[in-house]
Amino acid sequence: MLRHYVALALRNSRRTPVAAAVNVLTLALGLACFVIVYAFVAFWQNAEGHFAKADRIAVLTMSMRLPDGGFAFDDEPRVADVVAQYLKADFPQIERVARATRIAAKTSAVSGDRSQRLSAVAADPEFLDLFELPFAAGDARTALATPRSAVMTKAAAAQLFGNAAALGKSVRLENAVDVTITGVIDAVPEPSHLGGSSSAPMHFDLLTSRDVLDTIEASKAAPGAQPPPEDWLRSRGITYALLPADGSFTLGTLRARLPEFVERHVPKATLDFASLRYGAVPLRSLLPRSVDGEFFLTDLGLSATGVLLLLAGVVLGVACVNYANLATARAAARLREVGLRKALGAQPRQLMLQHLAEAALATGTAAVLAFAIFRAALPVLAEVSGTDVGVSLLSLRFWAGLGAAIVAVTLLAGAYPAFALSRFDPAIAIRASRATLGPRRLATLLIGSQFAVASFLLIAATVVTLQNAKLRRTGLNAAADPLVLIDITSGAPAVDRDTLRAELLRSPEIKSVTAISNSPWNSLSATLVRKTPDTNAPSQTVITQNVGFDFFSTFDLTLLAGRVFDRGADRDVRPADDAEDQPVVVDRAFTKAFGFESPAAAVGAVVYQPNDKAPTPLRIVGVIEDKAWIFFDVGNTRASLYQLRAVLPYTVVKVDRANVAHGLERIDAAWKAVVPNVAIERQFLDEIFGEVYESFLRLSQAFTALSAVAFAISVAGLFGTATLVTGRRRREIGVRKTHGASVARIVSMLLASFSKPVVIANVLVWPLAFVAARAYLKTFRDPIELGPLPFVASLAIVCAIAWLAVGTQTLRSARTRPADVLRSE
């Protein structure tokens, strides 16, 4: 019986080869999108599966909110170091507590005459009890047990030591501490938050004992500085908790008891400054959460896995609808065959199974093509995303999900035409020259639904693209001289900032030198500011940036009123110097937020920064034009405040754009003169921008690719439907031409009939697209104005493509000679 069904399916495909090919190709495109997205989702959701204790490990999270709501974050999987100190004492049921904190993504590592930049992480000894790393040399039980010990990956060891054995070798980190290599490991198996994918939050080349981080930080502190007090607001490392195997203390129990943990240990002054809450999440959620953070979907309350699966499912749904539409149109030509078979005794169940078998054959062929597309795209996907999703092919879950998708597609795509044909009246079917299959408006509804989805995705892709263009336009200034950011901390404590600045300015290619506290677009700081010293007065969140002299001229920032920091008039004033105002420069948004009539009116005014003692007075000496240093919105905060500091982690050098290559040589030479034994860590500011911008670009590319596929499927379906429908309307066209209808009138009639559902679907989806676009744009600090362009452009593109798709078919049908189609009437 199955062989008979397959033979019938192949014969019917030969009768309408164009429609059959369109069906298979569009299904293949929809399945390819789903397979690619599902491979990424399977990769993220299978994270940490190779660690035996993964399901027992909880990760502490932190939520913080300033009183005015201007700055807040929720469930950040990085907490203050001090949490681990109290966690085990308060909850003895927890078997192990371990911290892992990134030293630097590019830590200076020197051994003999070789130096490298390595991604380094400091961890407690218990870390190796939680995670069974693939040790190739050394003992996992003791590798981090001794001070100043380190575990290195094979790849990093080859870079630093060549073919020589790494075990026992000494490496100097950040020009501050010598560590001994006590272990060498293979690459951490994927997927993992410790792995090498671009989304892994704790990837490392070098894993050191915890004291190494403490030593490096102490080397950067001022001479004689006191150890810092407990800081519950500084979230910088991941804290893991190993729960008991017997289930006596669960993740839910830990979550329920963390509020009282906060009440016991967090100082009241800290809780007065900010609302603080701790939570816990499963280890397996860490990698997916990191992906959500890359796309800034957490601000929308969405997850990357959910959004991508939804979009891929929608595109696959469009393909299924397209199949059902074309299959229904093709089946209308087979009504006589169906009527004869039913008259000869065929049961509805047999007819339904036959057409489901045809759908299964088409879906199976499409699945083979989709998998071929997926395998061919793997290198491109790895390059674009930084993730080897080919690992998902080793997962049984991936294949089970793919099999379920194929079965679902077969049923969704083939169910309606199979059901409609099996229930058709044989008496009507035998004289079916003018019969139609199913409700007359069904084809219109199916076409409209396809283009509604495609139009929504096109509007989304347009909004994302326009927002990305604004980020690039406002974030970079192509006409300005290039800026180079030097990480001073990589040479601490050997870097004398004044000596380095003097060395740099000796070169005529160096136009100016300044300093900054945060790498632009990567991080930011914020604080509360009041307009009066009254502690009961309302405060507002402002973005802060600590800078050095010549900062504003180096970055070409426009001065609106007052002055900028001057060496003769200003100095680095710390909050401890209560007797003296701190000079600050603010931006235009700051003056608006605090109610100053104009930038000039703000000059000379004093605002106040709350602290544990008396509020710190901040005297405004100048106002500059607004400049965004971060992409995403921080609680609707636009105001920025600049403070003068003498010791900052980054030096910024402006290089003459006419001689960039020689300017870079002079930067390297100046660094080598000041810090001869440490490799320089420098980047163009444009490169830093590009790295952060890449995450937004990937989101744009995903929307664009999915909308393109949805359009391709919809257009192909419209073309196939037009081929079949205009073929069935040839007699009608012949009659109309006999009564005097012109070719132009018939073409316009056919185009209108095909365009109507497309236009209506596009307009109906506009409100939903508008709401989604507004929600997305709210996550940015400087969003575009959401005007009519994306919606009008979508309508124009949809109509143009629809007309191109059916134009040739309608014109061919309109030119039909009446005698050719009416001779049998």
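Values in this document were obtained by computation on a predicted structure and should not be read as measured data. (Residues numbered from 1 in each chain as written. Predicted model: local features only at pLDDT ≥ 70, side-chain atom pairs only at ≥ 80, totals over all residues. Heavy atoms only, no water.)

Peer 1: Teacher, can you tell me more about the overall build of the protein here?
Peer 2: Scanning the protein from N- to C-terminus turns up 25 helices and 22 strands. Taken over 825 residues, the protein has a buried fraction of 51%. Relative to all contacts within the protein whose residues are 6 or more apart in sequence, the contacts with residues 24 or more apart total 80%. Surface accessibility of the protein: about 36300 Å² in total, with carbon and sulfur atoms responsible for 58%. (Helix = DSSP H or I, 4+ residues; strand = E, 2+ residues; numbered from the N terminus. Buried < 20%, exposed > 50% of the residue type's maximum accessible area, 1.4 Å probe, protein only. Contact = heavy atoms within 4.5 Å. Areas by Shrake-Rupley, 256 points an atom, 1.4 Å probe, with all protein chains shown as cover.)

Peer 1: Just checking my understanding: could you explain the pattern of salt bridges for this structure?
Peer 2: A side chain of one charge can pair with a side chain of the opposite charge if their charged atoms are brought near each other. Within the structure shown, the criterion is met by 28 salt bridges. With a closest N to O distance of 2.7 Å, Arg284 and Asp55 form a salt bridge. In this pair, Arg284 sits in the loop between strand S11 (275-282) and helix H9 (286-295) while Asp55 sits in the loop between helix H2 (17-45) and strand S1 (57-65), placing the two residues 229 residues apart along the sequence. The class for Arg284 is partly exposed, based on a relative accessible area of 28%. The class of Asp55 is exposed, set by a relative accessible area of 64%. Ionic pairing is found between Asp668 and Arg682, a salt bridge with its closest N-O pair at 2.7 Å. Separated by 14 residues along the polypeptide, Asp668 in helix H20 (residues 660-674) and Arg682 in strand S22 (residues 682-684) bring together distant segments of the chain. According to the relative accessible area criterion, Asp668 is partly exposed, its value standing at 27%. (Salt bridge = Lys/Arg side-chain N within 4 Å of Asp/Glu carboxyl O.)

Peer 1: Help me out: how do you make sense of the packing of helix H16 (residues 497-505) against H20 in this one?
Peer 2: In helix packing, the relevant descriptors are the interaxial angle and the interaxial distance, both defined with respect to the helix axes. At a closest axis distance of 9 Å, the pairing of H16 and H20 adopts a crossing angle of 145 degrees. In this structure, H16 meets H20 at a crossing whose hand is right-handed. Contacts from Thr499, Leu500, Glu503 and Leu504 of H16 reach H20 at Ile667, Ala670, Trp671, Ala673 and Val674. Looking at the contact of H16 with H20, its residues break down into seven nonpolar, one polar and one charged. (Axes fitted to C-alpha atoms, helices over the stretch in contact; angles between N-to-C directions. Left-handed = near helix turned anticlockwise from the far one by under 90°. Nonpolar A, V, L, I, M, F, W, Y, C, P; charged D, E, K, R; others polar.)

Peer 1: Hey, could you run me through the side chain of Ser197 in this one?
Peer 2: Looking at where Ser197 falls in the secondary structure, it is placed in the loop between strand S8 (177-185) and strand S9 (206-209). What Ser197 contacts, discounting residues up to four positions off in sequence, is Phe43, Glu190, Leu287, Gly386 and Thr387.

Peer 1: Explanation requested: the environment of Phe711 in the structure shown.
Peer 2: Among the secondary structure elements, Phe711 is positioned in helix H21 (residues 685-728). Owing to a relative accessible area of 8%, Phe711 belongs among the buried residues under this scheme. A C-alpha to C-alpha distance of 5.4 Å links Phe711 and Ala454, two positions 257 residues apart in sequence. Ignoring any residue separated from it by four or fewer positions in sequence, one finds Phe711 in contact with Phe451, Ala454, Ser455, Leu458, Val798 and Ile801.

Peer 1: Please clarify how the nonpolar core should be interpreted in this entry.
Peer 2: Nonpolar side chains in soluble globular proteins tend to be buried together. In terms of nonpolar packing, the biggest core is built from 59 residues, with Trp44, Val315, Phe374 and Phe398 touching the most fellow members. Put simply, the parts of the chain that give this core at least two residues each are H2, H9, helix H10 (304-331), helix H12 (348-385), helix H13 (396-422), helix H15 (442-475), H21 and helix H24 (789-814). For this core, the leading source of residues is H2, giving 17 residues. With residues near it in sequence (within four places) discarded, Phe398 still touches Val35, Tyr38, Ala39, Ala42, Phe374, Ser392 and Leu393. Ranked by size, the runner-up nonpolar core spans 35 residues in total, among them Leu557, Val585, Val652 and Leu777. (Core = buried A, V, L, I, M, F, W, Y, C linked by side-chain atoms within 4.5 Å.)

Peer 1: Help me out: how do you make sense of the packing of aromatic side chains in this one?
Peer 2: Two aromatic rings are characterised by how far apart their centres lie and by the angle between their planes. Inspection of the entire model under this criterion finds 25 aromatic pairs. With a centroid separation of 5.9 Å and 40 degrees between ring planes, the pair formed by Phe551 and Tyr642 is classed as tilted. Residue Phe551 is located in helix H17 (residues 551-554), and its partner Tyr642 is located in strand S20 (residues 640-644); the two are separated by 91 residues in the primary sequence. For Tyr642, a relative accessible area of 0% puts it in the buried group. An aromatic cluster is built from Tyr86, Phe91, Trp232, Phe249, Phe261 and Tyr278, whose rings are joined through pairwise contacts. Above the plane of the ring of Phe161 lies Lys169, whose end atom (NZ or CZ) is 5.9 Å from the centre. Taking the ring centre of Trp629 as reference, the NZ or CZ of Lys627 above it sits at 5.7 Å. (Phe/Tyr/Trp six-rings, centres within 6.5 Å; stacked < 30°, edge-to-face > 60°. Lys NZ or Arg CZ within 6 Å of the ring centre and 35° of its normal.)

Peer 1: Where do I start with helix H7 (residues 251-265) in this structure?
Peer 2: Since the α-helix advances by 3.6 residues per turn, residues separated by three or four positions end up pointing in the same direction. Spanning 15 residues, H7 covers 21 Å between terminal C-alpha atoms, matching the ideal 21 Å at 1.5 Å per step. Most pronounced at Leu258, the bend in H7 amounts to some 35 degrees, and the proline Pro259 follows within four residues. Considered for burial, the residues of H7 that qualify are Leu251, Leu254, Leu258, Phe261, Val262 and His265. (Expected span 1.5 Å × (residues − 1). Bend = angle between axes of the 7 residues up to and from the residue.)

Peer 1: When you look at helix H3 (residues 82-90) in this model, what are you seeing that I'm missing?
Peer 2: Val82, Val83, Ala84, Leu87 and Asp90 are the residues of H3 that are buried. Where H3 is buried, its residues touch S1, strand S3 (96-111), strand S10 (237-242), H7 and S11.

Peer 1: Which parts of the structure should I look at to understand the environment of Ala601?
Peer 2: Position of Ala601 relative to the elements: it lies in helix H19 (residues 599-602). With ten residues separating them along the chain, Ala601 and Thr591 place their C-alpha atoms 8.6 Å apart.

Peer 1: Whenever I open this one, the side chain of Gln609 confuses me. Can you help?
Peer 2: Mapping Gln609 onto the fold places it in strand S18 (residues 606-609). With relative accessibility at 16%, the residue Gln609 sits in the buried group. Separated by 2.9 Å, the side chains of Gln609 and Thr527 make a polar contact. Sequence-distant contacts of Gln609, that is, excluding residues within four places in its chain, are made with Thr527, Leu528, Pro615, Thr616, Leu618 and Gln643. (Polar contact = N/O pair within 3.5 Å; in protein donor to acceptor, adjacent residues only side chain to side chain.)

Peer 1: Can you walk me through the packing of H3 against H7 in this structure?
Peer 2: At a minimum axis separation of 11 Å, H3 and H7 run at an interaxial angle of 120 degrees. H3 and H7 meet at a crossing whose hand is right-handed. For the pair H3 and H7, the contacting residues are Val83, Tyr86, Leu87 and Asp90 in the first and Arg257, Leu258, Phe261, Arg264 and His265 in the second. Taken together, the residues that form the contact of H3 with H7 break down as five nonpolar, one polar and three charged.

Peer 1: Just to check I follow, could you spell out the environment of Ala673 for this structure?
Peer 2: Structurally, the position occupied by Ala673 is in helix H20. Note on Ala673: relative accessible area 53%, which makes it exposed. The spacing of Ala673 and Thr499 is 174 residues in sequence and 9.5 Å in space, taken between C-alpha atoms.

Peer 1: What exactly am I supposed to notice about the pairing of S1 here?
Peer 2: Taken residue by residue, a regular strand's side chains alternate between the two faces of the sheet. Most of S1 is tucked away, with eight of its nine residues classed as buried. With eight bridges connecting them, S1 and S11 associate as antiparallel partners. The partner of Thr61 across the bridge, within S11, is Gly279. Two elements, S1 and strand S2 (residues 72-76), share three bridges in a ladder whose sense is antiparallel. For Arg65, the partnering residue across the bridge sits in S2 and is Ala72. (Pairing = 2+ DSSP bridges.)

Peer 1: What exactly am I supposed to notice about unusual backbone geometry here?
Peer 2: Phi is mostly negative for residues that are not glycine, and the peptide bonds are mostly trans. For the bond running from Glu190 to Pro191, omega is -5 degrees, close enough to zero to count as cis. Its location among the elements puts Pro191 in the loop between S8 and S9. With a phi angle near 55 degrees, Arg148 is a residue other than glycine that sits in the positive phi range. Structurally, Arg148 is set in the loop between strand S5 (135-138) and strand S6 (149-153). At Asp556, a position not held by glycine, the phi torsion is positive, near 55 degrees. Among the residues examined, Asp556 registers a relative accessible area of 42% and is labelled partly exposed.

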